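Remarks on the overall topology
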Amino acid sequence: MLDINFIRQNSEQVKKGVAAKNIKPQLADDFLVLDKEWRELVKEVDNLRAEQKKFSEAREIEKAKELKNKIQLLDDKLKQVEIERHKILYKLPNLPLEDVPVGKNERDNVVLYEIGKKPEFDFQPKDYLELAEKLDLIDIERASKVSGSRFGYLKNQAALLEFALIKLALDTAILKGFTPIIPPVMIKEEMMKGMGYIDRYEDQDETYFLEKDKLYLVGTSEQSIGPMHSDEIFEEKELPKRYAAFSNCFRSEAGSYGKDTKGILRVHQFDKVEMFSFCLPEKSEEEHKLLLSIEEDLMQLLKLPYRALNICTGDLGGPAAKKYDIEVWLPGQNNGKGEYRETHSTSNCTDFQARRLNIRYRSQKLDVKGQGLEYIHTLNGTAFAIGRMLIAIIENYQQKDGSILIPEILQKYLGFSEIK
RNA sequence: GGAAGGUUGGCAGAGUGGUCUAAUGCGCCGCACUUGAAAUGCGGUUGAGGAGAAAUCCUCUCGGAGGUUCGAAUCCUCCACCUUCCGCCA
């Protein structure tokens, strides 16, 4: 949610930002019209109410009674306008930061740099699925029998590898001051809304909803961690508050029929270690860089070749003001010619989620009026999305004989150095 | 699943229809006293919104949403959450 006062005072800037995100800028005008109407009604109702109160205190019951009906009528109207105004406010996306490249879609994302040496093979590199099925690491067929399409069983060393990756991610994050945490994966509707999902029509279909219990399955633990501190007030010295969460993630992938249908690249259920930070507004860009650097550290520890992208305005999504993606090099894809695929994403959501979730901190700054309560900033970033990391390791560490070496850093967690 | 009891400001906790703009205590902030601190005394201390150049004024806010009433923390309805007991269960 955007700051209402900001929209009132900077409507042109808001329209520009909204348009850059491929959303109709007309929304901002619609809001301002309703907001004006709302303000007039509030004034009127407040004044009538004050009058009624006076009559009531003076026990002039008849006069108070008269006003009561009048107020009720106006108040009903006010409520209607309020609902409409609120709806639009929730539809307005977060505005991109100034240094975000303007663009229409993922083709306009800017590659920042490429790190790591792509593996060179003296043979035709294979697709991970072919390798994994031969080594009995992944079973798609039986998963499809049991659960349908877009599921997989991870078996044997692949299952063990998951735990090793989780441990590596947590160990790395803990060193940077993150609290390890395992959150609930079912959350209430209001919390899902607070995080800025499910308001935009394109996200509706992406989420699993348990009708009987009115609970949503999280698509990422971000949705469960953010609301943890809703309606809370931090002391300035408590910030930044950092979590490294391990959880299952559930995605219906309703909008992606026919896309990546094979294997475990795009599945309904996967596991992920996610980083989440609550921080001071003026520190969020620095924090964003920290999240990106941890993601890169993890990739470098695994010695996987990757590139970093600055995501353009049109590809940012609702809550993000700025986003970096990391794409790993997958040599077995694209018929053995290789291609980059997304494994990590980190977003700075500034105060957009905090405003909805009402998460603030008590500022020590003297120039802030009143109690000095200000909204904090929230950020999230992938540590490891396990399935895609398995794919990356299998394809990059494959050997001519179809065996797979284990990245050195993981060997201490596993006790073996290759899969064959 | 069954039964009972709860939810009040940063915290504890009083309040069952009208100065509740919520007692009291703790905490926090300021001032006084003090060489300094503690103790003590005095004052302040929920948040949100609207009007105004400002001083300031007004409205809302006692888990949430409705309702009764001239008037609701207080009465009624629904919902959420918490605690305890029984049942079931990893």
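The structure this text deals with has already been given above.
Notes on the structure follow.

Quick notes on the rules
Residues numbered from 1 in each chain as written. Chains lettered and ligands numbered in written order. Predicted model: local features only at pLDDT ≥ 70, side-chain atom pairs only at ≥ 80, totals over all residues. Heavy atoms only, no water. Salt bridge = Lys/Arg side-chain N within 4 Å of Asp/Glu carboxyl O. Helix = DSSP H or I, 4+ residues; strand = E, 2+ residues; numbered from the N terminus. Buried < 20%, exposed > 50% of the residue type's maximum accessible area, 1.4 Å probe, protein only. Pairing = 2+ DSSP bridges. Axes fitted to C-alpha atoms, helices over the stretch in contact; angles between N-to-C directions. Disulfide = S-S within 2.5 Å. Phe/Tyr/Trp six-rings, centres within 6.5 Å; stacked < 30°, edge-to-face > 60°. Lys NZ or Arg CZ within 6 Å of the ring centre and 35° of its normal. Polar contact = N/O pair within 3.5 Å; in protein donor to acceptor, adjacent residues only side chain to side chain. Contact = heavy atoms within 4.5 Å. Core = buried A, V, L, I, M, F, W, Y, C linked by side-chain atoms within 4.5 Å. Parallel < 35°, antiparallel > 145°, perpendicular 65-115°, else oblique. Left-handed = near helix turned anticlockwise from the far one by under 90°. Nonpolar A, V, L, I, M, F, W, Y, C, P; charged D, E, K, R; others polar.

**A short note on the pattern of salt bridges**
Summed over all chains, the structure comprises 25 salt bridges. D35 serves as the salt-bridge partner of R8, at 2.6 Å between the closest nitrogen and oxygen. Remark: D35 occurs in helix 3 (residues 26-57) and R8 occurs in helix 1 (residues 4-9); sequence separation between them is 27 residues. It is possible to trace a salt-bridge network through shared partners that takes in E253, D260, R266, E339 and R341.

**A look at helix 14 (residues 386-396)**
Burial within helix 14 is extensive, with 10 of its 11 residues counted as buried. Every buried residue of helix 14 is listed here: I386, G387, M389, L390, I391, A392, I393, I394, E395 and N396.

**Some details on the sheet that holds strand 8 (residues 233-235)**
Ordered in space as 8-14-15, the three strands form an open sheet in which the pairing is mixed. Looking at the sheet topology across the chains shown, the edges are occupied by strand 8 and strand 15 (373-375). Shown here is a sheet whose adjacent strand axes are inclined to one another by a mean of 35°, direction ignored. The pairing of strand 14 (residues 360-362) with strand 15 spans three bridges and is classified as antiparallel. Paired with R362 across the strands is L373, a residue of strand 15.

**Remarks on the state of the cysteines**
Each disulfide is one covalent bond, formed between the sulfur atoms of two cysteines. Summed over the entire model, instances satisfying the criterion amount to zero disulfides. Of all cysteine sulfurs in the structure, the one in C349 sits closest to C279, which takes part in no disulfide; the separation is 11 Å. For C279, a relative accessible area of 1% translates into the label buried. Here C312 is not disulfide-linked; the sulfur of C349 is the nearest cysteine sulfur, at 16 Å. For C312, a relative accessible area of 0% corresponds to the buried category.

**As for the packing of aromatic side chains**
What characterises a pair of aromatic rings is the spacing of the ring centres plus the angle enclosed by the ring planes. In this structure the tally under the stated criterion is six aromatic pairs. Considering the side-chain rings of F234 and F278, the 5.9 Å spacing of their centres and the 45° angle between planes classify their relative orientation as tilted. Separated by 44 residues along the polypeptide, F234 in strand 8 and F278 in strand 10 (residues 269-279) bring together distant segments of the chain. Both residues of the pair, F234 and F278, count as buried. Taking the centre distance of 6.3 Å and the plane angle of 85° together, the rings of Y243 and F278 count as edge-to-face. Taken as a pair, Y243 in strand 9 (residues 241-250) and F278 in strand 10 lie far apart in primary sequence, 35 residues in all. Comparing Y243 with F278 shows no difference in burial state: the two are buried. Grouping aromatic residues by their ring pairs yields a cluster made of F234, Y243, F276 and F278. In this structure, R85 is placed above the aromatic ring of W38, and the distance from its NZ or CZ to the ring centre is 3.8 Å. The lysine or arginine in question, K118, covers the ring of W329, its NZ or CZ lying 4.0 Å from the ring centre.

**Digging into the side chain of T220**
Among the secondary structure elements, T220 is positioned in the loop between strand 7 (215-217) and helix 10 (222-225). Looking at T220, its side chain comes within polar contact range of the side chain of K272, at 2.8 Å. Residue contacts for T220: discarding those within four places in its chain leaves C249, R251, K272 and E274.

**Structural notes on the nonpolar core**
In terms of nonpolar packing, the biggest core is built from 59 residues, with L137, L165, L302, L304, F384 and L410 touching the most fellow members. Top element by residues in this core is helix 7 (residues 156-175). It accounts for nine residues. Excluding residues within four positions of it along the chain, L302 makes contact with L165, L168, F384, M389, Y397, P407, I409 and L410. Core analysis: the second largest hydrophobic core is formed by 26 residues, A28, L41, L48 and L95 among them.

**A short note on the pairing of strand 9**
Of all the 10 residues making up strand 9, eight are buried; the element is thus mostly covered by neighbouring parts of the structure. Strand direction decides the pairing type here: strand 9 and strand 10, joined by 10 bridges, are antiparallel. In the strand pairing of strand 10, A245 is matched with E274.

**Considering the packing of helix 7 against helix 14**
The geometry of helix 7 relative to helix 14 is characterised by a closest axis approach of 10 Å and an angle of 110° between their N-to-C directions. With respect to their mutual orientation, helix 7 and helix 14 come out roughly perpendicular. Considering how the two elements wind past one another, helix 7 and helix 14 form a crossing that is right-handed. Taking contact as the criterion, the partners of A158, L161, E162, L165 and I166 in helix 7 are, on helix 14, I386, M389, L390 and I393. Residue composition of the contact of helix 7 with helix 14, grouped by class: eight nonpolar, no polar and one charged.

**Here we look at the environment of R356**
Structurally, R356 is set in helix 13 (residues 352-357). R356 gets classed as buried once you look at its relative accessible area, which sits at 11%. For R356 and A385, which are 29 residues apart along the polypeptide, the C-alpha to C-alpha distance reads 27 Å. Reaching out from R356, the side chain makes a polar contact with the backbone oxygen of Y90 at a distance of 2.9 Å.

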